[in-house]
Amino acid sequence: MATKTKINRIGVLTSGGDAPGMNAAIRAVVRTAIYCGKEVYGFYRGYQGLIEKSYMQMQSHSVSKIINQGGTILKSSRCPEFKDKFVREKAYNNLKELGIDGLVVIGGDGSFRGADLLYKEHGLPVIGIPGTIDNDIYGTDFTIGFDTAINTAVQAIDKLRDTADSHNLVFFVEVMGRDAGFIALNTAMATGAETTLIPEIPTTIEKLCEYLLYERRQNKTSGIIIVAEGGDLGSANQIAAKVKERIPNYETRVTTLGHIQRGGSPSCNDRVLASILGYGAVKALLGGRSGVMIGQMQNETVFTPFSEACSRHNEINTKWYDITRVLSI
Ligand code: ADP
Ligand code: F6P
């Protein structure tokens, strides 16, 4: 995990699903590298940019006024070809030709799998920065984008609560998170939702219906059920249909928040996290670290080998699930 290569020219890219705060991370990488007397090349559309040699040399002013912008100025992509060894070899050769001797990858665990292979197969110094709304990456308390995404979801769910209350409706609200329940659990707690369905805590439709009937007996007239995508009971639409079959007099509605959760101006927390991790990634790369993801745990910067960051997962606090239910009686 330590490299002796002297680094003069750094590449940076954003990969996988975009996340608010990726721009703040790019800014931090570019400015720190330039401050340290290095050159930076930004590659477009994640690994696609390495394969197609699509890049721009970045100056300090290239990242002016982007700290507050959602999305990523470097654009992002899913690039399945990168799973092919020969395609990665091509990407490495392109980097070598351009004189890039260190790479910063901003993305999720899929992106780090690719980064790990690039590092292991070709010895290229690579550091990862966790950027995904899902918060599912081992080795950091929070991923860049999560805080903004949950705030966006909370604002939307508060609005749904108004209409649910006015019309005595039960809303099934589907939130993102791939296979993880972080967004669902946090937004459920923050919006006073009646319950949440997350992949980490399996349940059955029967148990859910029992709970909804119990809530009704408590004289509740409306309800918000937060459904994490990727759960084994299916999508919010499917769950609502199954509930309707069993409790026909229930007035239900379904809202899928979708990609709105990935957009928007990053929150203060995400900008700060992105700035610290971007700065730390460049410093670590120049200091000889490689094959690791930088993260922040209990306010300390920490490094986790890609292999570990990809094979383990951040775990939700199951106590929060119980607290959400207790507080919604
Ligand atoms: P995220 O980085 O947000 O988890 P993905 O899982 O879609 O998003 O991964 C982003 C990209 O990383 C993929 O499109 C692909 O280019 C690369 N990648 C993912 N898994 C692998 C793998 N096993 N080997 C090589 N590259 C991978
Ligand atoms: O990883 C981020 C994420 O938004 C997940 O929450 C979601 O499952 C997935 O990406 C959606 O991917 P796509 O952009 O391909 O629709």
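Residues numbered from 1 in each chain as written. Chains lettered and ligands numbered in written order. Predicted model: local features only at pLDDT ≥ 70, side-chain atom pairs only at ≥ 80, totals over all residues. Heavy atoms only, no water.

The chain goes by ATP-dependent 6-phosphofructokinase in an unreviewed UniProt entry, where it is assigned to Candidatus Coprenecus avistercoris. For the record of the chain, the UniProt heading Pathway (unreviewed entry) holds the text "Carbohydrate degradation; glycolysis; D-glyceraldehyde 3-phosphate and glycerone phosphate from D-glucose: step 3/4." Regarding the chain, the relevant UniProt record gives this comment under Cofactor (unreviewed entry): "Mg(2+)". (UniProt positions renumbered as here; feature names shortened; annotations may be inferred.)

The next thing to look at is the site of ligand 1. As a structural note, the neighbourhood of ligand 1 is formed by 16 residues, with Arg 78, Cys 79, Gly 108, Gly 110 and Ser 111 the closest of them. In the model, an oxygen atom of ligand 1 is placed 3.0 Å from a nitrogen or oxygen of the Arg 178 side chain. Compared with its free state, where it exposes 550 Å², ligand 1 has 85% of that area covered by protein. Top element by residues in the shell around ligand 1 is helix α4 (residues 109–122). It accounts for six residues. (Near = heavy atom within 4 Å. Polar contact = N/O pair within 3.5 Å; in protein donor to acceptor, adjacent residues only side chain to side chain. Areas by Shrake-Rupley, 256 points an atom, 1.4 Å probe, with all protein chains shown as cover. Helix = DSSP H or I, 4+ residues; strand = E, 2+ residues; numbered from the N terminus.)

A word on the side chain of Asp 116. Within the secondary structure, Asp 116 is located in helix α4. For Asp 116, a relative accessible area of 10% puts it in the buried group. Once residues lying within four places of it in the same chain are set aside, the contact partners of Asp 116 are Phe 306 and Ser 307. (Buried < 20%, exposed > 50% of the residue type's maximum accessible area, 1.4 Å probe, protein only. Contact = heavy atoms within 4.5 Å.)

Time to look at the site of ligand 2. Lining the immediate environment of ligand 2, one finds Arg 78, Thr 132, Asp 134, Met 176, Gly 177, Arg 178, Glu 229, His 259 and Arg 262. Asp 134 is positioned with one of its side-chain polar atoms (N or O) 2.7 Å from an oxygen atom of ligand 2. Note that an oxygen atom of ligand 2 is positioned 2.9 Å from one of the side-chain N or O atoms of His 259. When the free accessible area of ligand 2 is taken as 400 Å², the share hidden by the protein chains comes to 74%. Counted by class, the shell around ligand 2 contains one nonpolar, three polar and five charged residues. No fewer than three residues from each of domain 1 (9–145 + 266–311) and domain 2 (148–262) sit in the shell around ligand 2. (Nonpolar A, V, L, I, M, F, W, Y, C, P; charged D, E, K, R; others polar. Domains from an automatic or database assignment.)

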